[in-house]
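# Coordinates in review
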Amino acid sequence: MKKKVLSTVLLSSMLLSTVGAPAVATAASKDSKVEEQDKKINELATKEQEASNQLASIKENISSIKNEASALQTKQVELTKEISNLNGEVKDLEARIAKRDASIKEQARSVQVDSNSSNVVDLVLNADSVSDALTKVMAASRLVGANNDMMKQQQDDKKAVEAKKYLLRKKQKKCKKQPLL
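Residues numbered from 1 in each chain as written. Predicted model: local features only at pLDDT ≥ 70, side-chain atom pairs only at ≥ 80, totals over all residues. Heavy atoms only, no water.

### With respect to the overall build of the chain
Tallying secondary structure elements over the chain gives three helices and zero strands in all. Helices and strands appear in the chain in the N-to-C order α-α-α. Sorting the 181 residues of the chain into buried and exposed places 12% on the buried side. A fraction of 83% describes how many contacts in the chain between residues 6 or more apart in sequence connect residues 24 or more apart. Within the structure as shown, the chain displays about 14800 Å² of accessible surface, and the carbon and sulfur contribution to it stands at 60%. (Helix = DSSP H or I, 4+ residues; strand = E, 2+ residues; numbered from the N terminus. Buried < 20%, exposed > 50% of the residue type's maximum accessible area, 1.4 Å probe, protein only. Contact = heavy atoms within 4.5 Å. Areas by Shrake-Rupley, 256 points an atom, 1.4 Å probe, with all protein chains shown as cover.)

Below you can see the structure in the form of structure tokens.
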């Protein structure tokens, strides 16, 4: 009987070891799978955090770009107003120049036609008295002074037109360089 008990114990221990070993192996295998899944979860959580950080950065960039676009549009409107004002000033100056040119041409024709009567020497010689001569010379000098002033003003206005046209071209180039958003 001892042999039978001993052989039963041996047989049962062999059976249990063959049946129990897979159970231990299965538990070890499940633990490693759980650890592997935990690693994947941690990696995905890290990637999610990185993606969230990138999204926040992109939103911040979009906000700054919108602010910059708004500032550029405001500047564009201001430049357009300045260009319009400069165009108006140039037109006014050109109109004054044209009127003055007509007046200067008319005076030049008058001087050519009436050259004998406007000569200062003739005025002095044909005067009835010294006071009459002085009056005529003063009037002639005022006329010459007025003509000189008109010519100076004409030159100044022409320079102003050129300066404003230069400024206008500069602002138009600046306006074209700015992107429209």
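### Some words on the pattern of salt bridges
Tallied over the entire structure, the rule returns five salt bridges. With a closest N to O distance of 3.2 Å, lysine 152 and aspartate 156 form a salt bridge. Within this pair, lysine 152 and its partner aspartate 156 are both found in helix α3 (residues 130–177), separated by four residues, close to a single helical turn. Relative accessible area serves as the criterion here: at 47%, lysine 152 is assigned to the partly exposed category. (Salt bridge = Lys/Arg side-chain N within 4 Å of Asp/Glu carboxyl O.)

### As for the nonpolar core
Core analysis: the largest hydrophobic core is formed by five residues, namely Leu79, Ile83, Leu86, Leu168 and Cys175. Counting residues per element, the ones that place at least two in this core are α1 (2–113) and α3. Sorting elements by how many residues they give to this core places α1 first, with three residues. Excluding anything up to four places from it in sequence, leucine 168 contacts Ile83, Leu86 and Asn87. (Core = buried A, V, L, I, M, F, W, Y, C linked by side-chain atoms within 4.5 Å.)

### Some remarks on the environment of aspartate 156
On the basis of relative accessibility, which here comes to 32%, the residue aspartate 156 falls in the partly exposed class. Taking C-alpha positions, aspartate 156 is 9.9 Å from isoleucine 97, a pair spaced 59 residues apart along the chain.

### Brief notes about the confidence of the model for the chain
Confidence in the prediction for the chain averages 80 pLDDT; 83% of positions are at 70 or higher. Across the chain, the element-wise mean pLDDT spans from 70 in helix α2 (residues 120–125) up to 83 in α3. (pLDDT = per-residue confidence, 0-100.)

### Topic: the side chain of aspartate 157
Structurally, aspartate 157 is set in helix α3. The contacts of aspartate 157, once residues within four sequence positions are left out, are Leu93, Arg96, Ile97 and Arg100.

### Thoughts on the side chain of arginine 100
With respect to the helices and strands, the residue arginine 100 is situated in helix α1. A polar atom in the side chain of arginine 100 sits 2.8 Å from the side chain of aspartate 157. Apart from residues no more than four positions distant in its own chain, arginine 100 is found in contact with Met150, Gln153, Gln154 and Asp157. (Polar contact = N/O pair within 3.5 Å; in protein donor to acceptor, adjacent residues only side chain to side chain.)

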